[in-house]
Each structure stands twice: as structure tokens, then as C-alpha cells.
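Summary of structural features
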Amino acid sequence: MAGEQESLPSLQSSLKDDRWLNVEVGDIIKLENNNFVTADLLLLSSSEPHSLTYIETAELDGETNLKVKQALTVTAELGEDLPALSCFDDLSTLCFSSKCFPASLHSSEGQWVVVTGGARAFLASFQRCSSSEGEIRCEAPNNKLDKFMGTLAFKGEKYSLDNERMLLRGCTIRNTEWCFGLVIFAGPDTKLMQNSGRTVFKRTSIDRLMNYLVLVIFVLLAAMCLILAIGNSIWEYRQGYKFQVYLPWPQDVHSATFSAFLMFWSYVIILNTVVPISLYVSVEIIRLGNSFYIEWDRKMYYAPNDTPAQARTTTLNEELGQIKYVFSDKTGTLTRNIMIFNKCCINGKIYGDIYDSEGQRVEVTENTEKVDFSYNPLADPKFTFYDHSLVEAVKVGDVPTHMFFRILSLCHTVMPEEKKKGELFYQAQSPDEGALVTAARNVGFVFRARTPETITVVEMGEELVYQLLAILDFNNVRKRMSVIVRSPKGKLTLYCKGADTILYELLHSSCGPLKEETREYLEEFAGEGLRTLVVAYKDLEQSYFEEWQRRHHEASTALHERDEKLSELYEEIERGLMLLGATAVEDKLQDGVPQTIEILGKAQIKIWVLTGDKQETAVNIAYSCNMLYDSMKDIFIIHGDTSEEVRQELRNARKKMQPDAFGEDDELDTHVKKPGKSKVLPDEQPNGEYGLVINGHSLAYALEGELEQELVKTACLCKVVICCRVTPLQKAQVVELVKTYKNAVTLAIGDGANDVSMIKTAHIGVGISGQEGMQAVLSSDFSFAQFRYLQRLLLVHGRWSYIRMCKFLAYFFYKNFAFTLVHFWYGFFSGFSAQTVYDEWFITLYNMVYTSLPVLGMSLFDQDVDEKWSLQFPQLYAPGQQNRYFNKREFAKCMLYSVYSSLVLFFVPCGTLFNSLRSDGKAIADYQSFALTAQTCLLIVVSVQMGLDTAYWTAVNQLFIWGSLAMYFAITFTMYSNGTYLIFTASFPFVGSARNTLNQPTVWLSVFLCVILCVLPVVGFRFLKMQLKPTISDKVLRLVRELQKGRPAPVLKRPLQRRASRRSGYAFSHQHGFGALITSGLINMHPRVPFGLSRSFSPNSEKYQLE
């Protein structure tokens, strides 16, 4: 629990504020409107009639629509009576069944018994300190968000407790002044925390590879030392005795074998530079620098919320360039969860498009003139609309237009709230309904209030009260809802709205021409990614309605087939509807989401959407985001209710995607699973582009041991996978499944507490600081404010980080091996005496001064192409996914090249100086001249190699490379000068070597030969490879260079495409049965006071007449 956050009051003898940290099982908590629920609570009472409490569960399932919870009648009587709630507050134990138990949570046979000091306040209100028996028994803590089983036993009576009585941690109280709850589960036992998963230490694949390579290097070091030690033993045995006169063995050495033993450890000391001791420090410096680049990126800064991007860890940067699978939440991540009334068609005329003076449709921009709703004092100031013709039609009294918005203001289950007169707030179970009611409100049809029997609407300044006779509620089969109302003039009318595929079957035959015209508009709306809805009405006869109402009452009280009978009656009265028009609501996506998904798709990144929302909503958003589109060969829906049905559906889908590769052997694969062993499945290619949609209950079967491989095989063949109605734990299980069976790097992105588990499970977790709190951000590795920044994080920063790290590792191992192996070859020419080939000061400064800054400069500033081309050519991301730039094979190639370079660096200077003379006739073939020549050749060669590997030159790179060379020569001439020798005679024995050696042309010839011989093979290999067998990166880089010389090519974007049938997927998000809850009278709905005269308005008055 977040110890730094404060909860609402916890009851003892009185209310007191306390931290979440101190909330315990059995405490009674008071929560107020908009408070966050701090633990799993049993709802005791609330301020609303019948102890109803409205909650929002966005942190749990991503849905922002209101849900209703209701307390037991026996506890609702408590109200906010603090004396009753705190009757036993002064007691430390509870008398229960003639025994006294301390305040604690007891476990009995797999059940939990709440017998706590806090619970005494609740039970005492009934017992009044008597010995009456009272206890709460419930299931053990678990991760099932939609289920709770328990019982309350009191005075011999037992009351059932289910999920409808529970307020789960993660919910937010809405539209409820206050409520009291008894803590059932707290801390890690809450259902939210049970779904949050465990925190694991994340390490990149490069970290694991480096650890492996270090072990390999240690083995190589031991092997080299052993070879040299054996060589010393042989040399001492065969030749050493010839040098005993002036090179006697040390006093304790009496044999060649013992001398070899000592030489082994001497060479361990000399050759230890091959072990990359400073590697890990350098890697962390590079990662830290690249993390700062992410945080400093102004293009990932979201000004409206003053939110910059954050790198919350510095150890995972390069893995951002290797992502193969992205697991994304929907609500708040892809969408803003804001519905906007975008367009509508009324009686065959479309509203919402903007046309110029020539009749051409124009795009809406910031400069487009908005409709002025100032004539309506109850208009929502946040609502924007641009088509003035709609308001003109309303003002002139167009009958179909008035009827259209009257339906929108009456046919819904929205709850109004008016704390101040004229300031209306709508609490909608569905954001779609909120958008439609708000649109009607702004044009002049204001939904003002409701009671169980009436709906109050202000129509064009006149307040009218409609009698609500029936609500024909929505369900997943009907896909529509209707209301039957009586107007103030006594006219009976049925108003209906729903999906066109359903309502078109119920329309009157006279609607044929309008039906076809509206269908064309629906297809146009759907093609733009809008959520569509058809609006219709039907006038009713009083006699028929009375007869229907009688039969409706009989059906609603039937004991058998009640739902079927009600459904038949609903369809009967809804037949013969008169079509009026259609609405088009935009589920407001975050800016740039479709473009980001398109670019990530081109980078071969597969996107899986894991959402707790409904299937219809998720699929609609997938089309709007351009994840699903018309050109896909097929979209598979997995909705089996048994394990066998799910298996068959998955196999049928895979058989269609891979008809040739599907055989009998594969049948066995889906059933056989070796316990404790993960099996990485190979990547397979389908015969087209496919999508997969799977529901939560089907996913539960698919995640079982027998089917998980089948799920992975099928899902990974699809370009897009959408998992609906999934719990937070299922999200983590899906991510873990892909990590287990696919050799791929995963990324999870979300914005709510329900995304924490998958963020922790994925290789990379990204949190979006959105409207659902900061829990996802606090659990993430990287965070920012908008989903669109993901493309920049991966394709720019991630790819650069990966390339830089790979170049750094390859160069680091190369320079160390080339440096150290010269010692190895020199041992064969020095009697294996452990004599160093370089000056000891050069050995000390080589990694610390001469080569450290150039490689860091390359690793912090290098980029093969700039950010513009990285985003324009997402194909450049592919090598990182395939881990091409640094792996075991690349390390082996680096080793071979280092061996070759070390041979050149040893034998070329050796051959150049052997038996050679200075220009003055003196011999130059001495040890000090050879050491100086060899180390000069080495440093210049590795610097030239650094220049070849650098793709992006900056002033810093130039300074580091040329500065390091200048530093080398300055230090060398200083240390080898006469003055330094006279001051520190024993420390600087190479007196005069620099000036006497580096002024000889033969020495510089050897340097030139070393550079040519070491660099030429690399340049030739790279040139031939690019010409004969270019990679995708080579092709793109060549194209980029060509485009850099001329005019950049435009970025081609696939237009948004949707199937016409998608318009039927309008997703109602409110719960089935909410209409019945309204008409039951259980909801607190107060009639509103009519407008005062000063608040009345009429668009037909002179003030608002059109000129």
C-alpha cells in the first residue's frame, strides 16, 4: 500500500484521517465523492437512497462508465450514525460465540473469518454489546475481479455477500456524497494487488551476452597463459641453460616446470587487459547518457500537462531498439476515452461537414469558425461544433431536426447533477450516451432532470415534463434501447436508438428511400472511423399500449422463460419504426495514434491490445486506430465457452493462415508440454495479413497448459491481436506467454493500475501519465504523456541506443584484444619470459586516457541516420529485432579481426626495425624503439578504426579522437625527455626514445603499413557486402543518402479503411438492467425547479434571428 498517500477517515471512537499504510482488515472507512477506494470494502451504507453507491472502475478494467453497488438492507440502516458504528470502539476484542477473539483475520478451512477490532463497530450496532453471534465468512484472497463469495451471519440469520456488495481497491466513488465500508482485504490481499504481479529485476539481452562473453574471455586468458607457460617450460629446458651466466634463475626456481608455473601467473598479470574490467562502468555511462537524451527530447514533451518523457531506469535503453511485440492497453492509452458528437444525418440531410464558397468540403482547423451556442444559457461550454446549418435548422423549427434531438434528450439512462442552478453535469454509464445527450443539450434540447416516472427536458427554452412509461433496456443481443413516453400533450411515443443492422430490420416499409440514403451516410461515417447509431420513433395507440403493458407485466413476473418472453414483447412493440436519421460519434483517439501504429507496423512490430473493455468497443477502436483494416484477409473471433471449442477455433484459424504447414505432427505439439521447460517456437510466416480477437473467458481456457502453445502459434501469425475483457493478471500471463515461447523482446504500455502487472512482466514497461493516476508510471521503466511518443522512443532513441551499444562493444573488445595479443606474440620471441612489449606507462594510460574518450564519444553521439530518416524508414528498425549488430557470431568475427590486427601490429614493426639502421648509421633495432613503434602503430590503427565506425561526426568526436592522439604524443615526448628521466630516473627509463625513433621515415612507414593492412580488409569486406549482398539497412541507407542530396520523398500513408459492417458495432458500455434500476425508484433522482423567467430563452426571438 502506498504509505505516503492518505485515506479517508478510519473509524475508532470517532472519525480520523489516516494513511493507507495503517488501514487494516476490519477497519471501517468513510469515503466521499471522488475518493479513491483504499482497500477491498464491504459496502455498509451510503448517502443515496437504498444505500446505492456509484463507482468508476477505470483502474481495474479500463472502463469509465458508472457502475452501481448496493449495500445490504440490514447494514444500510446504519447510515452515518457514528455512535452506532463505533459502539464497541473502546473494546479490543469481540465477544463471539461466548469466546473473546483479538482483532485479527482468522483462517478456517480455506475461508477467511473477519473477527476484528474494527469490525466490532459494525457488529456491535446489532449486538449492542450482547453475546449475539455475528461473523463474516468469505473466500480467501484471490485475483478474480468479477467474483466475491461470502456470508454475513447475524442473530441466527445468514445474508449472502457477492461482488455487488463490494467496493474494490482501485475504484473511485462517483455521484455519491459519502459511504461507509468495512475492510475485508487490505494491502497485498486486495484483488488489485493480487493482479499486480511480482516485481522482477530486468536485464537486457546484451547484459546476459556480456556476462557470457566475460566467462569466455576468462577461458581464453587461461588458455593463452597456459600456452605461454608451456612454451616457457620447453624454452627453459632446451635453451635457458645457455643464458644462465647472465640470466640465472631466481633463487627459489630449480626446474623448468616450476619456472613455467611462475610464468603462468606472470602472464595472467600481463594479459589481464584482455578482461574488460572497465566494460561495465563504460556501459553504464553510455546508458546514463542515452537516458538523458530521452528526458531532454523536446519532441516528447507534452506541454498541456507540462509532462516530459522520463527514463526511470538507465539499464534498458538498448533493448528499446529490439522490440518485437508491443502490448497496449486501450482506454487512456490509445484513446482519451472522450466521445465527441461529430456528425449526424437527419431525414436524409447530413450535418457536420464544412464547405467553402465553391461547395468543396474543407478540413476543420484551429481557425475554423465554431458554432455560437450563446443563445442557450444551459449549453456546455466545452462542446464544439462547426456546421452552422444544423443550428439554423433548429432555430427555424425544422420538425425532423427537433424530433431527432428530442429523441437524443429522452432515450438514454444518463443521470443529471445540478449543484448550482444552470450548471448541469451528466453522469453517463457510457461516454457515447454522454456525447449524444450533450449534443442535444447544446442545440436547445436540454435534459434537465429525471425521476422514476418522469423526464424533464427544456426544449428551446420551454420546460416540458414527459411521463416515462417504460424503458426497453439494452443488452448484447438487442443492441438497441427504447423508451416509451407520454408528452405533456398526452401523445404516446416510442423512441429508439441502436445499431443499424438491428434497427433496419424493424423499420416500417415506407422508410425505403430514406433507409437507402441513410445507409450511404452510415457507410461514409464508418469509413471515417466514427461510431454510428440509428435513431427512430413510433407513435403508439393508447389501447394497444395498455394491452402491451398488461402482457409485459405478466412476462416480467413469469417464473419460466422470462427473458425470452420479454424479448418477444420488446421486438413486437418496436416493429414498424419510422427512421429519422443517424448519429456519428468519434471515440477521440490520442493525437497521432493511427500514424504511430502504422509506422510501428512498418517496423515489423506486432501490436497486441489487452483491454478490460467490451469486444465491440475494442474492435471499433482497432479500426479507428488503423490496426484492423479492410485489406486484411480475415479477422478471427475466438469466443469458445469450453477448452475444446477454443482449441478448435484456434486450430481452424491457424489452418487458414498456414494450410501447407499444418500437419498431424502439429496436433501432438498442442497437447504435449514438458513441465518446467520452456520451448522457444520458431517464427512462422502466414499467407497474408490477419487479425485475432479473443474474449476473456476464452483466453482463460487458452492460457491453460494444453492450449498455451496453440494460442502462441496462432496469435503470433496475426499482425494484430485484441484480447477483450481480460483481467490485469491475464494481461501479465499473455505477456509472459510470449516471453516464454518467442525469442523476442516485449514492451507493455498502459496508464492505469490494471496495467501494472503487464508493465512489470514485459522486458520494457512504459507508463502513460494520463487520467487514471500514476500507478502505471511508478511501475514503469519509461514514461511519457502520449502514445504517439512511443514511435520516437523506439525508432529514434531505442535504435540509436542499440546501434551505439553494439558499436561500443565491438570496438571495445577489438581494441583490448588487439592490444593484449601483441604481448602474446611477443612471448614467442622473448623466451616466454613475461616481458611486456609496451612501456609500462603506455599500458597504464591506454584504456584510461588514450582510448576511453573516443569510444565514449562514438557511443554517445553516433547515429547512422538522423531522426527524420529514422521515422521515415521504419525498416531500419529490423536489424535490432534480429539482434544482428552484436551477438556471439559478431564477437567471434571481432576476435578473428583482433588476432589478425595483432599479428600485423607485431610483425610489421618487428620486420621494419629488424637489422635496420638510423639515418646516422646507428642501429635502431632495440627493445625501446620497437616498443615505441608498436604502441604508436596500435594507437593510430585503433583510432583510424574508430573513424571508420563513426557514422556521425561532431565537434566532440573530432576533439576526442584528435585530442587523444595529441595527448599521446605530448605525454610520450614528455615522459621520454631528458628532464623527466633526471627527475624520476627509475620510473621513466625510455629516455630519448621518442625523439630518436619517431624522426625516422622507416618508423612512419611501418605505421602506414599497419594502418593499410589493418583497415583495408575491413573496408573491402564492407564494400563488397554492400554491393553483392546488401541488407535492408544497406538499401535504406543508400536511399537515404540519395534523398539527402535532393528532395525528400513524401511519406506514404495508408488511408483509414473500415468495413461497412463496422458501423453496426456501436458499443453500448452501460450495464444491462440499468434501465430497470431507474424505473424502480431506487436511484436518487430529484425533480428540478423550472427555469426562472430570467433564465428563459427562445432562438426565435429578435435577438437570435438570422439575417
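Residues numbered from 1 in each chain as written. Predicted model: local features only at pLDDT ≥ 70, side-chain atom pairs only at ≥ 80, totals over all residues. Heavy atoms only, no water.

1. Some thoughts on the overall build of the protein
What counts is decided by this rule: Secondary structure elements follow DSSP: runs of H or I of four or more residues count as helices, runs of E of two or more count as strands, with numbering from the N terminus. Per-residue accessibility, obtained with a 1.4 Å probe over protein chains only, is compared with the maximum for each type, and a residue is labelled buried under 20%, exposed over 50%, and partly exposed between these values. Pairs of residues are marked as contacts when any of their non-hydrogen atoms sit within 4.5 Å. Computed with the Shrake-Rupley method and a 1.4 Å probe, the accessible areas treat only the protein chains shown as cover for residues.
The secondary structure content of the protein amounts to 37 helices and 38 strands. By the burial criterion, 56% of the 1107 residues in the protein qualify as buried. If you take every contact in the protein between residues at least 6 apart in sequence, the share linking residues at least 24 apart comes to 74%. Summed over all atoms, the accessible surface of the protein reaches about 47600 Å², with 56% contributed by carbon and sulfur.

2. Here's the deal with the sheet that holds strand 32 (residues 606–610)
To be explicit about the condition: At least two DSSP bridges between two strands are needed for those strands to be called paired. Lines are fitted to the C-alpha atoms to define the axes, a helix being fitted only along its stretch in contact, and any angle between axes, read from their N-to-C directions, falls within 0 to 180 degrees.
Strand order in this open sheet of nine strands is 17-38-37-36-18-32-35-34-33, and the pairing throughout is mixed. A strand with exactly one partner marks an edge of an open sheet, and here the two such strands are strand 17 (310–311) and strand 33 (634–638). Bridge analysis of strand 18 (residues 323–328) against strand 32 gives four bridges, and the strand direction is parallel. Bridging from a neighbouring strand, Tyr-325 pairs with Lys-606 of strand 32. Helix-sheet contacts for helix 22 (residues 728–741) involve strand 18, strand 32 and strand 36 (745–750), and the interaxial angle to strand 32 is about 155°.

3. Section: the side chain of Ser-46
We count it as follows: Two N or O atoms form a polar contact when they lie within 3.5 Å of each other; inside protein one atom must be a possible hydrogen donor and the other a possible acceptor, and for residues adjacent in sequence the pair counts only when both atoms belong to side chains.
Take Ser-46: it is sitting in strand 4 (residues 40–46). Under the relative-accessibility criterion, Ser-46 is labelled buried at 7%. Within the structure, the side chain of Ser-46 is placed 3.3 Å from the backbone nitrogen of Glu-48, a separation counted as a polar contact. For Ser-46, the side chain forms a polar contact with the main-chain oxygen of Leu-52, separated by 2.7 Å. In this structure Ser-46 touches Ser-51, Leu-52, Thr-53, Thr-176, Trp-178 and Cys-179, once residues within four positions along its chain are discounted.

4. Notes on the pattern of salt bridges
Should the charged atoms of two oppositely charged side chains come close, the side chains can pair. Operational definition: By definition, a salt bridge exists where a carboxyl oxygen of Asp or Glu is found within 4 Å of a side-chain nitrogen of Lys or Arg.
Applying the stated criterion across every chain, the model contains 39 salt bridges. One salt bridge connects Lys-343 with Asp-353, and the closest N-O pair in it is separated by 2.6 Å. Placement of the pair is Lys-343 in strand 19 (residues 335–346) and Asp-353 in the loop between strand 20 (349–351) and strand 21 (354–355), with a sequence separation of 10 residues. For Lys-343, a relative accessible area of 6% gives the class buried. By relative accessible area, Asp-353 is classed as buried at 7%. Look at the salt bridges and you will find they share partners, linking Glu-547, Arg-550, Arg-551, Glu-554 and Glu-572 into a network.

5. A look at the sheet that holds strand 16 (residues 178–185)
Read across the open sheet, the four strands follow the order 3-16-4-14; overall the sheet is antiparallel. Of all the strands in the sheet, the pair left with one neighbour each is strand 3 (28–32) and strand 14 (166–167). Sheet analysis places strand 4 next to strand 16, joined by six bridges and oriented antiparallel. Paired with Leu-42 across the strands is Leu-182, a residue of strand 16.

6. Quick look at helix 13 (residues 512–527)
As a reminder, the rule being used: By this rule the span expected of a helix is its residue count minus one, scaled by 1.5 Å. Arc, as used here, means the arc of the directions from the helix axis to the C-beta atoms.
Its 16 residues give helix 13 an end-to-end C-alpha distance of 23 Å, which sits within 8% of 22 Å, the value for a rise of 1.5 Å per residue. Within the span of helix 13, buried status applies to Leu-514, Thr-518, Tyr-521, Leu-522, Phe-525 and Ala-526. Looking down the long axis of helix 13, one finds its buried residues gathered within 140° of arc, a one-sided arrangement. Structural note: helix 13 exposes Pro-513 and Glu-520 on the side pointing more than 90 degrees away from its buried face. Positive backbone phi, at 80°, marks Gly-529, one or two positions downstream of helix 13.

7. Points about the packing of aromatic side chains
Defined as follows: Aromatic contacts are taken between Phe, Tyr and Trp rings whose centres are within 6.5 Å, Trp giving its six-membered ring; a plane angle under 30 degrees counts as stacked, one over 60 as edge-to-face, and the others as tilted. Both a distance and an angle decide whether a charge sits over a ring: NZ of Lys or CZ of Arg must be within 6 Å of the ring centre and within 35 degrees of the ring normal.
For the coordinates displayed, the defined rule picks out 47 aromatic pairs. For the ring pair Tyr-325 and Phe-327, a centre distance of 6.5 Å and an interplane angle of 20° mean the geometry is stacked. Summarising the burial analysis for this pair, Tyr-325 and Phe-327 share the class buried. When the centroid spacing of 5.3 Å and the interplanar angle of 90° are considered together, the rings of Tyr-850 and Tyr-968 count as edge-to-face. Pair noted here: Tyr-850 is in helix 26 (residues 840–850) and Tyr-968 is in helix 32 (residues 955–975), with a separation of 118 residues, a long-range link. Per residue, the accessibility class of Tyr-850 equals that of Tyr-968, and both read buried. One aromatic cluster in this structure is built from Phe-819, Tyr-838, Phe-842, Tyr-846, Tyr-850, Tyr-968, Phe-969 and Trp-1004. Against the face of Tyr-426 rests Arg-441, its NZ or CZ located 5.4 Å from the ring centre.

8. Brief notes about the nonpolar core
The cut-off we apply is this: We call a set of buried residues a nonpolar core when its members are Ala, Val, Leu, Ile, Met, Phe, Trp, Tyr or Cys and they connect through side-chain atoms within 4.5 Å of each other.
By size, the foremost hydrophobic cluster in this structure holds 87 residues, and its most contacted members are Phe-808, Leu-809, Phe-813 and Leu-938. Considering each element in turn, this core owes the most residues, 17 residues, to helix 25 (residues 789–827). Core analysis: the next-biggest nonpolar cluster, separate from the first, contains 55 residues, Phe-341, Cys-344, Ala-428 and Val-446 among them.

9. Digging into helix 21 (residues 708–715)
Residue pairs spaced three or four apart in an α-helix point in one direction, given the helix's 3.6 residues per turn. Where burial is concerned, most of helix 21 is hidden: eight out of the eight residues are buried. Of the residues making up helix 21, those classed as buried are Glu-708, Gln-709, Glu-710, Leu-711, Val-712, Lys-713, Thr-714 and Ala-715.

10. Quick word on the pairing of strand 28 (residues 480–486)
With six of seven residues buried, strand 28 is to be regarded as a mostly interior element. Note: strand 27 (residues 462–472) against strand 28, five bridges, orientation antiparallel. Looking at strand 28, one finds that Ile-471 is bridged to Val-483. The loop that links strand 28 with its antiparallel partner strand 29 (residues 492–498) comprises five residues; one of these, Gly-490, has a positive phi angle of about 90°.

11. As for the confidence of the model for the protein
The condition is simple: A score between 0 and 100, pLDDT records how confident the predictor is in each residue.
Chain-level statistics for the protein give a pLDDT mean of 81 and a share of 83% at 70 or above. In the model of the protein, strand 7 (residues 93–96) stands out as the element of lowest mean pLDDT, 29, in contrast to strand 18, which has the highest, 94. Contacts from residues 87–133, a stretch scored under 50 in pLDDT, to residues over four places away or in other chains number 108 contacts. Below a pLDDT of 50 lies the segment residues 664–677, which in the model reaches 19 contacts outside its immediate sequence neighbourhood of four places, other chains included.

12. Quick look at unusual backbone geometry
In this structure, Met-460 is a non-glycine residue whose phi angle is positive, near 55°. Mapping Met-460 onto the fold places it in the loop between strand 26 (454–459) and strand 27.

13. Some remarks on a nonpolar patch on the surface
Quick note on the threshold: Residues enter a patch when their relative accessible area is above 30% and they make no salt bridge; the linking distance is 9 Å between like charges and 5 Å between nonpolar side chains (Val, Leu, Ile, Met, Phe, Trp, Tyr).
Taken together, Tyr-900, Leu-1005, Phe-1008, Leu-1009, Ile-1012, Leu-1013 and Leu-1016 make up a surface patch of nonpolar side chains, about 630 Å² in accessible area. For the nonpolar patch, the leading source of residues is helix 35 (residues 1001–1028), giving six residues. Examined against the element boundaries, Ile-1012 turns out to sit in helix 35.

14. Some thoughts on the side chain of Lys-742
Looking at the secondary structure, you find Lys-742 in the loop between helix 22 and strand 36. For Lys-742, a relative accessible area of 7% translates into the label buried. A polar atom in the side chain of Lys-742 sits 3.0 Å from the backbone oxygen of Pro-682. Ignoring sequence-local partners within four residues, the contact set of Lys-742 consists of Tyr-325, Val-680, Leu-681, Pro-682, Asp-683, Val-712 and Cys-716.

15. Examining the pairing of strand 37 (residues 764–768)
Condition: When the strands point away from the viewer and the connection leading from the first strand across the helix to the second strand turns clockwise, the crossover is called right-handed.
Where burial is concerned, most of strand 37 is hidden: five out of the five residues are buried. Residues Ile-764, Val-766 and Ile-768 line one face of strand 37 and the alternating positions Gly-765 and Gly-767 line the opposite face, and both faces are buried. Relative to strand 37, strand 36 runs parallel, the two sharing four bridges. Each residue of the ladder has a partner; that of Gly-750, found in strand 37, is Gly-767. For the crossover that starts at strand 36, traverses helix 23 (residues 756–761) and ends in the parallel strand 37, the hand is right-handed. Across three bridges, strand 37 lies against strand 38 (residues 782–784) in parallel orientation. Considered in strand 38, the bridge of Val-766 is made with Phe-782.

16. What about the packing of helix 25 against helix 26?
The condition is simple: Roughly parallel means an angle under 35 degrees; roughly antiparallel means over 145; roughly perpendicular covers 65 to 115; every other angle is labelled oblique. Should the near helix be turned counterclockwise from the far one by less than a right angle, the crossing is left-handed, whereas a clockwise turn marks it as right-handed. Following the grouping adopted for this structure description, the nonpolar residues are Ala, Val, Leu, Ile, Met, Phe, Trp, Tyr, Cys and Pro, the charged ones are Asp, Glu, Lys and Arg, and the polar ones are all others, Gly among them.
At a minimum axis separation of 11 Å, helix 25 and helix 26 run at an interaxial angle of 165°. Classified by the angle between their axes, helix 25 and helix 26 sit roughly antiparallel to one another. In this structure, the crossing between helix 25 and helix 26 has a hand that is left-handed. Residues Lys-815, Asn-816, Phe-819 and His-823 of helix 25 form the contact with helix 26, whose participating residues are Phe-842, Ile-843, Tyr-846 and Asn-847. Residue composition of the contact of helix 25 with helix 26, by class: four nonpolar, three polar and one charged.

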